[in-house]
Amino acid sequence: MDNTITDLPDTTTNTDTTGLPVVVIGAGPVGLAAGAHLHERGLTPLILEAGPDVGAAIRAWGHTRLFSPWQYNIDAAADRLLTAAGWTAPDRQDLPTGAELVAQYLKPLATTTALAAHVRTDSRVIAVSRAGMDKTRTTGRADTPFLIRTQHSDGTLEDIQASAVVDASGTWFVPNPLGQAGLPAPGEAEAITAQRITVALPDVTGLDRQRFAGRHVLVVGAGHSAANTLLDLGSLAEDAPDTRISWAVRSADVSRVYGGEDRDELAARGALGTRLRHLVESGTIQVHTSFTINGFTTAADHVDVLASTPAGGQTLAVDVVVPATGFRPDLSILSELRLELDPAVDAPHQLGPLIDAEFHSCGSVTPHGERMLAHPEPGFYIVGMKSYGRAPTFLMATGYEQVRSIAASLAGDQAAADHVELHLPETGVCSTDLGGSCDAPASASPEAASSCCAPATAHVAEDGCCGAPQPVTIGAGPSATRDSGRC
């Protein structure tokens, strides 16, 4: 591989950020929205995408239909750019697939006159630092340009300077392992190599059909990704009745995965839970609860999944395993920056306590912007799915508000940056098996517990919790939310 370094300016003495772009890492929905907001604020974005085209991660699950309609998936600044370019918006009540989200929204947005010259594909960011100084240097740090090192598919490297950096690279390409304690189980890598463990959200009824039809399939996880795959397998079993479906979760029951059902304002999300419950109750799906995977043994024609359960050790022989245990952020590219991260969920320090699922059973979070996302490294922000680290239930609309606030702050309009506002649909659910609500203890009164399900419209200062309730989601489908990482 050619590791030639190209376009490397002298960065040892440059301390002038004038005229430098704001680099946005990732050309997904939140990254492109950041570009739109920066453009509206008169700033120059430079959006770096690792893949050959925009929306690379979404293309990986393009066959999956979102449960949120278009109205929740389109950023306001992006909408304004597209409308000015003569774009015809999709019906705001329709539910797009991932492929439709890319084709009808992301691709047209990236090719608008305002953004086309500012999107670079085949530009994988492998490191972010400060020009001429490492993490230990303090003097003049805030006035020194950022240095972003990228690698192209041919192996060549390129260094780019920036006045600020917004990391919207997501988490899709860093899935959580299937083993206990956050570690890969013994034999997990070998099972992946043998193609006994798939990627998340395979195309069960389409391109990957032959891999699942008539096989014994184990789905591991308790979020929307697991639910979507299980529903696809249920449909496949109608045509291929020899298909066997097992579902393993670490929790003691799966009721929380059903979500709000008919109480959910997003009808498709509610219907997903109802359909899944019916498949379980009918026996189409065999559920294995309190199932902790300790290892995999790959044979010629199957894989043995070794697990511990309350009844003792269990071995489940299956043909293929579908992981749906969520994702985690890749922080390795940020090792030369001064970050302040929550020690539990790897989110920005101030945001972490508000999204930690152990304490926020509603999955709720105060609408938040630039101040809550800031790090000790001035001008650097993590946004979108990656801003939630390992925590569950991220909504695209949350990311859009994040980047709106950050763009306002970078443009010098801190008042607009601090005015955070978010309008989201209700789920009809305000409890999980954790037994509490927001920061209230499990023994809190019913009135306190219900407060997180107040109408999900809020303009708040960036502190507090239950003052700005948001809807619970039950894990992450690729749609408007991300996986919980918990099974």
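First things first, this report covers the structure right here in the doc. (Residues numbered from 1 in each chain as written. Predicted model: local features only at pLDDT ≥ 70, side-chain atom pairs only at ≥ 80, totals over all residues. Heavy atoms only, no water.)

Focus: the pattern of salt bridges
Within this structure, the stated rule accounts for 15 salt bridges. Across the pair Asp53 and Arg59 runs a salt bridge whose closest N-O atoms are separated by 3.4 Å. A relative accessible area of 22% means that Asp53 is categorised as partly exposed. The partner of Arg404 in a salt bridge is Glu401, and the shortest N-O contact between them spans 3.0 Å. On the criterion of helical spacing, the pair formed by Arg404 and Glu401 is a turn pair, its members being 3 residues apart in helix α11 (residues 396-410). One network of salt bridges, with partners in common, ties together Asp53, Arg59 and Lys107. (Salt bridge = Lys/Arg side-chain N within 4 Å of Asp/Glu carboxyl O. Buried < 20%, exposed > 50% of the residue type's maximum accessible area, 1.4 Å probe, protein only. Helix = DSSP H or I, 4+ residues; strand = E, 2+ residues; numbered from the N terminus.)

Regarding the packing of aromatic side chains
Scanning all chains against the criterion turns up 4 aromatic pairs. Relative to Tyr105, the ring of Trp87 lies with its centre 6.4 Å away and its plane at 40°, an arrangement referred to as tilted. Of this pair, Trp87 sits in the loop between α3 (76-84) and α4 (98-110) while Tyr105 is found in helix α4, placing the two residues 18 residues apart along the sequence. The residues Trp87 and Tyr105 share a single accessibility class, namely buried. Pairwise contacts between aromatic rings join Trp70, Trp87 and Tyr105 into one cluster. Directly above the aromatic system of Phe146 lies the positively charged group of Arg130, at a separation of 3.8 Å from the ring centroid. (Phe/Tyr/Trp six-rings, centres within 6.5 Å; stacked < 30°, edge-to-face > 60°. Lys NZ or Arg CZ within 6 Å of the ring centre and 35° of its normal.)

Concerning the sheet that holds strand β14 (residues 312-318)
Strand-to-strand pairing in sheets goes through backbone hydrogen bonds, with the strands running parallel or antiparallel. Ordered by their spatial adjacency, 3 strands build an open sheet running β12-β13-β14, and the pairing between neighbours is antiparallel. Each end of this open sheet is capped by a strand with a single partner; those strands are β12 (292-298) and β14. With direction set aside, neighbouring strand axes in the sheet form an average angle of 25°. As defined by bridge partners, strand β13 (residues 303-309) adjoins β14 across 7 bridges and the pair is classed as antiparallel. Looking at the pairing, Asp304 lines up with Ala317 of β14. (Pairing = 2+ DSSP bridges. Axes fitted to C-alpha atoms, helices over the stretch in contact; angles between N-to-C directions.)

Some details on the pairing of strand β7 (residues 157-162)
On a regular strand, one side chain projects to one face of the sheet and the next to the other, so that they alternate. For β7, the tally of buried residues reaches 6 of 6 residues, placing the bulk of the element in the interior. Residues Leu157, Asp159 and Gln161 point to one face of β7 and Glu158, Ile160 and Ala162 to the other, with burial holding for every one of them. Sheet analysis places strand β6 (residues 146-151) next to β7, joined by 6 bridges and oriented antiparallel. Paired with Thr150 across the bridge in β7 is Glu158. Taking the residues that link successive antiparallel strands as the turn, the β6-β7 hairpin has 5 residues, and the phi of Gly155 there is positive, at about 95°.

Thoughts on the nonpolar core
Counting 54 residues, the largest nonpolar core has Leu32, Val54, Tyr105, Leu106, Leu109, Ile355 and Val383 as the members making the most contacts within it. Residues within four places of Tyr105 in sequence aside, it is in contact with Trp70, Asn73, Ile74, Asp75, Ala78, Leu82, Trp87, Glu100 and Tyr400. Judged by nonpolar contacts, the second largest core, of 28 residues, contains Ala222, Ala227, Val257 and Leu276. (Core = buried A, V, L, I, M, F, W, Y, C linked by side-chain atoms within 4.5 Å. Contact = heavy atoms within 4.5 Å.)

Overview of the packing of helix α1 (residues 29-40) against α3
Where α1 contacts α3, the two axes come as close as 8 Å, and the packing angle between them is 75°. The orientation of α1 relative to α3 falls into the category roughly perpendicular. From α1, Ala36, His37, His39 and Glu40 reach across to α3, where they touch Ala77, Ala78, Arg80 and Leu81. Class assignment for the residues of the contact of α1 with α3 results in 4 nonpolar, 2 polar and 2 charged. (Parallel < 35°, antiparallel > 145°, perpendicular 65-115°, else oblique. Nonpolar A, V, L, I, M, F, W, Y, C, P; charged D, E, K, R; others polar.)

Some thoughts on the sheet that holds strand β4 (residues 119-120)
An order of β4-β3-β2-β8-β16 is seen for the 5 strands of this open sheet, with the pairing classed as parallel. Only two strands of the sheet have a single neighbouring strand rather than two, namely β4 and β16 (380-382). Two elements, strand β2 (residues 22-25) and strand β3 (residues 45-48), share 4 bridges in a ladder whose sense is parallel. Bridging across to β3, Val23 finds its partner in Leu46. Strands in contact with α11 are β2, β8 (164-167) and β16; relative to β16, the strand with the most contacts, it is inclined by about 175°.

Description of the environment of Arg250
As for its position among the elements, Arg250 is in the loop between β10 (244-248) and α8 (267-281). A sequence separation of 39 residues divides Arg250 from Thr289, and the C-alpha atoms of the two residues are 5.9 Å apart.

Quick notes on the environment of Thr171
Positionally, Thr171 belongs in the loop between β8 and α5 (188-193). For the pair Thr171 and Lys386, spaced 215 residues apart in the sequence, the C-alpha separation amounts to 5.8 Å.

Considerations on unusual backbone geometry
Unlike most non-glycine residues, Asp122 shows phi in positive territory, near 50°. Position of Asp122 among the secondary structure elements: in the loop between β4 and β5 (124-130). We note that Ala181 has phi near 60°; this positive angle belongs to a residue other than glycine. In this fold, Ala181 is placed in the loop between β8 and α5.

A word on the environment of Glu421
Position of Glu421 relative to the elements: it lies in strand β17 (residues 420-423). For Glu421, a relative accessible area of 34% puts it in the partly exposed group. Taking the C-alpha atoms as reference points, Glu421 and Thr398, separated by 23 residues in sequence, lie 9.4 Å from one another. Side chain to side chain, Glu421 and His419 meet in a polar contact 3.4 Å long. (Polar contact = N/O pair within 3.5 Å; in protein donor to acceptor, adjacent residues only side chain to side chain.)

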